[in-house]
Amino acid sequence: MAAAEAPSVPGISRREFLYYVWAASIALYTGEFLALIIWYAIPIIREGEFGSVIPVNPDRLPPVNDAPTNFSEGRFWLVNLDTTSSEGVERMYRASDEASPIQGVAAIYKVCTHLGCIYSWNAATNRFECPCHGSKYRLDGRRIQSPAPRSLDRFGVTLVYADGSETAAETDDGGFFLPVVIDESKTLAEIRVDTGDRADGPITTLLSEVVPA
Ligand code: FES
């Protein structure tokens, strides 16, 4: 059977026709490749969604050692901690193996560190409790009871003041976000929670095995 011949176009030789077909194929391939690069380069996480920096009005910050504020859109709990305060000691207390006071604002990821269930705050027992296998956590996310292998994860927090100054969360030796202490001499304008910047909770002794300080 005879091989199929390239169509004959008036004014264009067979060689020119094949050249144009080849050039069009290269142009199409290059276009698709560039489109893919652009698609990957454009951020798909929009402002205010999980994965971005979420601005929080200071009005939503709970009082010291009070029950946490739930931010379902950002998948975090916002807490305001102070183990030097006599307020809310049933929720936030200092354990004997904690050398320094725990003070400041922290944003806690809402996923249990055991197998990823969504835990909740239990106002009756004053702690976070996971419905799946019974892990429990103190207000700051430290493990009270296993099988959780580590304390709850935290997101990076930055406090922004009315004068434009900012204080970002520092990390401990293991890279875990420490609470950010509020400068009471300034007016707090905004709390920024970076839900794209998460630090694993540390592996600490279970609070159920540690006596209160
Ligand atoms: S997933 Fe929370 S205790 Fe297992």
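It should be noted that the structure appears before, not after, this text.
The rules we used
Residues numbered from 1 in each chain as written. Predicted model: local features only at pLDDT ≥ 70, side-chain atom pairs only at ≥ 80, totals over all residues. Heavy atoms only, no water. Helix = DSSP H or I, 4+ residues; strand = E, 2+ residues; numbered from the N terminus. Buried < 20%, exposed > 50% of the residue type's maximum accessible area, 1.4 Å probe, protein only. Contact = heavy atoms within 4.5 Å. Phe/Tyr/Trp six-rings, centres within 6.5 Å; stacked < 30°, edge-to-face > 60°. Disulfide = S-S within 2.5 Å. Polar contact = N/O pair within 3.5 Å; in protein donor to acceptor, adjacent residues only side chain to side chain.

Asker: Describe the overall build of the protein, and please don't skip the residues or the numbers.
Answerer: Secondary structure summary: the protein contains 1 helix and 11 strands in total. Element order for the protein, N to C, with α for helix and β for strand: α-β-β-β-β-β-β-β-β-β-β-β. Here the protein holds 213 residues, and the buried ones make up 38% of them. Pairs at least 24 apart in sequence give 57% of the contacts found in the protein among residues at least 6 apart.

Asker: Can you lay out the packing of aromatic side chains for me, pointing to particular residues and giving the numbers?
Answerer: One pass over the structure, following the stated rule, counts 11 aromatic pairs. Between Trp121 and Phe128, the ring centres sit 4.9 Å apart and the planes meet at 75 degrees, which makes this aromatic pair edge-to-face. With relative accessibility at 15%, the residue Trp121 sits in the buried group. Under the relative-accessibility criterion, Phe128 is labelled buried at 0%.

Asker: Could you give me a rundown of the state of the cysteines, with the residues and numbers involved?
Answerer: Inspection of every chain in the model, using the stated rule, returns 1 disulfide. At a sulfur-sulfur separation of 1.9 Å, the disulfide partner of Cys117 is Cys132. Residues Cys117 and Cys132 are joined through a disulfide that is left-handed, its torsion about the S-S bond being -95 degrees. Of this pair, Cys117 sits in the loop between strand E4 (103-109) and strand E5 (120-122) while Cys132 sits in the loop between strand E6 (127-129) and strand E7 (136-137); the two residues are 15 residues apart in sequence, bridging distant segments of the chain. On the basis of relative accessible area, Cys117 is assigned to the buried category, the value being 19%.

Asker: Quick rundown of the environment of Ser85? Include the residues and the values.
Answerer: Structurally, Ser85 can be placed in the loop between strand E3 (76-82) and E4. For Ser85, a relative accessible area of 18% translates into the label buried. For the pair Ser85 and Val64, spaced 21 residues apart in sequence, the C-alpha to C-alpha distance is 7.9 Å. Contacts of Ser85, omitting those with residues within four sequence positions, involve Val64 and Asn65. Polar side-chain contacts of Ser85 include one of 3.0 Å to the backbone nitrogen of Glu87.

Asker: Break down the environment of Ile182 for me, with residues and values.
Answerer: Position of Ile182 among the secondary structure elements: in the loop between strand E10 (166-168) and strand E11 (188-199). Between the C-alpha atom of Ile182 and that of Gly104, which follows or precedes it by 78 residues, the distance is 6.3 Å.

Asker: Please give an account of the side chain of Asp140 that cites residues and values.
Answerer: Considering the arrangement of structural elements, one finds Asp140 in the loop between E7 and strand E8 (143-145). At 3.3 Å, the side chain of Asp140 forms a polar contact with the backbone nitrogen of Arg142. The residues touching Asp140, leaving out its near neighbours within four places in the chain, are Leu81, Met92, Ile102, Ile108 and Arg154.

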